Amino acid sequence: MGCVGSKHDAADKYKVAGDAKDSKPKGQASNAKPTGQINNYAPAQPKPKLDPADFRFVNLKGEVKVKPPGSINGQAFTIDKCEDCDLYILDNCAQVQIDECKNCRIFIGPTDGSIFMRDSSDCKCALIGRQVRLRDVTKTDIALFCRTRPILESSSDIGLTCYTMNYAALSAQLKAAKLDVVHNFWSHVYDFTPKSTNWHYLEPGTTVEALLGGDAGFPEPVKAALGAYGGDGPLITTWGDRNPPAPDYLFVIFPQHKADSAMQFINQSKHEACVLRCNKAEVNPEVAGQMAHFASWARSVERDISAGMCIGVELSGAGVRAKLCHVAHVLGGHDTEQEHAELPSATWASLSNPSAAGEERIMSACMPGGSEAASLDVMPDEWLVPSMWINVGLKSCVAMVDHSTRT
């Protein structure tokens, strides 16, 4: 028992799945009874034993280390006590822990669980994960894809921007890590020790290669491992909660049976306008009715969007309605240019605020002295995907609430 992130002994810290011996001791009798039948099937091949050393970068200085696609395959990974290194994990992971690193460039591929960075400074990172947590981290810039709210604790001078870089193996890795491209809440930070100097947005247009590689770009071993990179791909670059780049605004929501059309619309929109936020979530009938009322939609639209998981996208840019409204209608979306609506305070509270019990649970888990690790299992649903990123086109409505922990 201890606070979240307390250090384990070395054996546990660097353990990987499949490291333990699973076979029975020699001489132990089998419980299987002879059947008299001939078994024509080949015996199952034992799983290859994993070497823990292949799943960690430890005590490195001034080195370039690359784990190419296919080398991790969903295992956990550890980075510990590295300085002035270029560290690239270009594969999907179960979880990643980064400790006591200084002046490093770190790339972490799609991660099904948490990416936890502690006691580090002066780093440049590109992180793709379900959950990202920083504790006692300073002067670090991050290009981020995060399925849940990024969490800061006792950290300062953190720069954030949306992760943008596609590469050849990314689609398969996102699928393996069960990450949906419409769920990227990189800009909606939860800071346990809030101060105005704790974090800020990086300049729009900051690329992963410029952040990690500077003017020289990626090191040659990284380029070789990435294969084709940059250009178009599955990811959606979002503006996040920065002030919108233009006053023109458009929100489009697609019902569940138009999910493919929604993705087609988003992929076209990102070349025509600025995508502020997008989300996939369930809209309950009460909120669907309120949305339809304030957006002047027909009752048929209300029924349509309350029947399953919807995909919504907020857009900004000069002339965005003229450019994209017709496209949205052809593809089966419902749109509005309204950004504000007055809704009953009780509705607002029920949709946007975590319960007191949920807040107590996460606070006790994440703060020093907590009795359990802060994981997805102890986070209430309202914290997993807070509704205010999508805003459902009505910025005071805050209606899209996702009750699933995995997609």
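Above this text is the structure in question.
Residues numbered from 1 in each chain as written. Predicted model: local features only at pLDDT ≥ 70, side-chain atom pairs only at ≥ 80, totals over all residues. Heavy atoms only, no water.

Asker: I'd like to hear about the packing of aromatic side chains, residue by residue, with values.
Answerer: Applying the stated rule across the entire model yields ten aromatic pairs. Considering the side-chain rings of Phe107 and Tyr163, the 6.0 Å spacing of their centres and the 65° angle between planes classify their relative orientation as edge-to-face. Of this pair, Phe107 sits in strand 6 (residues 105-121) while Tyr163 is found in the loop between strand 9 (156-162) and helix 2 (170-176), placing the two residues 56 residues apart along the sequence. Measuring from ring centre to ring centre gives 5.3 Å for Trp199 and Tyr201, while their planes differ by 85°; the resulting arrangement is edge-to-face. Overall, Trp199 belongs to the partly exposed group, its relative accessible area being 24%. A relative accessible area of 27% means that Tyr201 is categorised as partly exposed. Here the aromatic cluster, defined as three or more aromatic residues joined through ring pairs, consists of Tyr88, Phe107, Tyr163, Tyr167, Phe218 and Tyr229. The aromatic ring of Phe116 is capped on one face by Arg118, whose charged end is 5.3 Å from the ring centroid. Note that Arg242 overlies the ring of Trp239, its terminal NZ or CZ placed 5.3 Å from the centroid. (Phe/Tyr/Trp six-rings, centres within 6.5 Å; stacked < 30°, edge-to-face > 60°. Helix = DSSP H or I, 4+ residues; strand = E, 2+ residues; numbered from the N terminus. Buried < 20%, exposed > 50% of the residue type's maximum accessible area, 1.4 Å probe, protein only. Lys NZ or Arg CZ within 6 Å of the ring centre and 35° of its normal.)

Asker: Before we move on, could you go through helix 5 (residues 259-269) and cite the residues and values that matter?
Answerer: All buried positions along helix 5 are accounted for by Ser261, Ala262, Phe265, Ile266 and Ser269. Looking straight down helix 5, one finds its buried side chains confined to an arc of 135°; they lie on one side. Those residues of helix 5 that are buried are in contact with strand 12 (249-254), strand 13 (274-282), strand 14 (309-316) and helix 8 (320-330). (Arc of directions from axis to C-beta. Contact = heavy atoms within 4.5 Å.)

Asker: So what about unusual backbone geometry? Which residues, and what values?
Answerer: Residues other than glycine predominantly adopt negative phi, and peptide bonds predominantly adopt the trans conformation. The backbone of Asn103 sits at a positive phi, close to 55°, despite the residue not being glycine. Looking at the element boundaries, Asn103 is found in the loop between strand 5 (96-99) and strand 6. Judged by its relative accessible area of 35%, Asn103 falls in the partly exposed class. The phi dihedral of Ser296 falls on the positive side, at around 60°, and the residue is not glycine. Its place among the elements puts Ser296 in the loop between helix 6 (285-295) and helix 7 (299-305). Given a relative accessible area of 64%, Ser296 falls into the exposed group.

Asker: Report on the sheet that holds strand 14, specifying residues and quantitative values.
Answerer: Sheet architecture is open: four strands sit in the order 13-14-12-15, paired in antiparallel fashion. The open sheet has two edge strands, strand 13 and strand 15 (334-336), and neither has a second partner. Averaged over neighbouring strand pairs, the angle between their axes works out to 15° when direction is ignored. The pairing of strand 13 with strand 14 spans eight bridges and is classified as antiparallel. From the neighbouring strand, Asn279 faces strand 14, where its bridge partner is Gly312. (Pairing = 2+ DSSP bridges. Axes fitted to C-alpha atoms, helices over the stretch in contact; angles between N-to-C directions.)

Asker: Outline the nonpolar core, listing residues and values.
Answerer: Counting 45 residues, the largest nonpolar core has Phe107, Tyr163, Val208 and Phe265 as its most contacted members. Discounting chain neighbours no more than four positions away, the residues touching Val208 are Phe107, Ala126, Ala143, Tyr163, Thr164, Met165, Gly213 and Phe218. (Core = buried A, V, L, I, M, F, W, Y, C linked by side-chain atoms within 4.5 Å.)

Asker: Which residues make up the packing of helix 5 against helix 8, and what are the values?
Answerer: When two helices pack together, their arrangement is given by the angle between the helix axes and by the axis-to-axis distance. Running from N to C, helix 5 and helix 8 cross one another at 165°; their axes reach a closest spacing of 10 Å. Here helix 5 is positioned roughly antiparallel relative to helix 8, judged by the angle of their axes. Crossing geometry of helix 5 relative to helix 8 is assigned as right-handed. Packed against helix 5, whose contacting residues are Phe265, Gln268 and Ser269, the element helix 8 presents Leu324, Val327 and Ala328 at the interface. (Parallel < 35°, antiparallel > 145°, perpendicular 65-115°, else oblique. Left-handed = near helix turned anticlockwise from the far one by under 90°.)

Asker: Give me the lowdown on the side chain of Ser269, citing residues and values where you can.
Answerer: Inspection of the secondary structure assignment puts Ser269 in helix 5. Ignoring sequence-local partners within four residues, the contact set of Ser269 consists of Leu315 and Leu324.

Asker: How would you summarise the pattern of salt bridges if you had to cite specific residues and measurements?
Answerer: Under the definition given, this model contains 18 salt bridges. Salt-bridge contacts for Lys223 lead to Glu220; the nearest nitrogen and oxygen are separated by 3.5 Å. Residue Lys223 and its partner Glu220 are located together in helix 4 (residues 220-226), separated by three residues, close to a single helical turn. Overall, the relative accessible area of 26% leaves Lys223 in the partly exposed class. A residue is classified by how much of its surface remains accessible, and Glu220, at 56% relative accessible area, is exposed. Between Asp232 and Lys270 there is a salt bridge, with its nearest N and O atoms 3.6 Å apart. One end of the pair, Asp232, is in the loop between helix 4 and strand 12; the other, Lys270, is in the loop between helix 5 and strand 13, with 38 residues separating them in the sequence. In the salt-bridge network here, residues are joined through shared partners; they are Asp80, Lys81 and Glu100. (Salt bridge = Lys/Arg side-chain N within 4 Å of Asp/Glu carboxyl O.)

Asker: So what about the pairing of strand 3 (residues 77-80)? Which residues, and what values?
Answerer: Of the two faces of strand 3, the one lined by Phe77 and Ile79 and the one lined by Thr78 and Asp80 are each fully buried. Bridging between strand 1 (residues 56-58) and strand 3 involves three bridges; their strand directions are parallel. Bridging from a neighbouring strand, Arg56 pairs with Thr78 of strand 3. Pairing analysis gives four bridges linking strand 3 to strand 5, with the strands arranged parallel. Bridge pairing in strand 5 links Ile79 to Ile98.

Asker: Pulling in residues and values, what's your account of the pairing of strand 5?
Answerer: With four bridges connecting them, strand 5 and strand 6 associate as parallel partners. Counted as the bridge partner of Gln97 is Phe116 from strand 6.

Asker: Can you lay out helix 8 for me, pointing to particular residues and giving the numbers?
Answerer: Of the residues making up helix 8, those classed as buried are Val320, Leu324, Cys325, Val327 and Ala328. Buried residues along helix 8 sit in contact with strand 12, helix 5, strand 14 and strand 15. Positive phi shows up at Gly332, right after helix 8, with a value of about 95°.

None of the figures reported here should be taken as evidence of function without further support.
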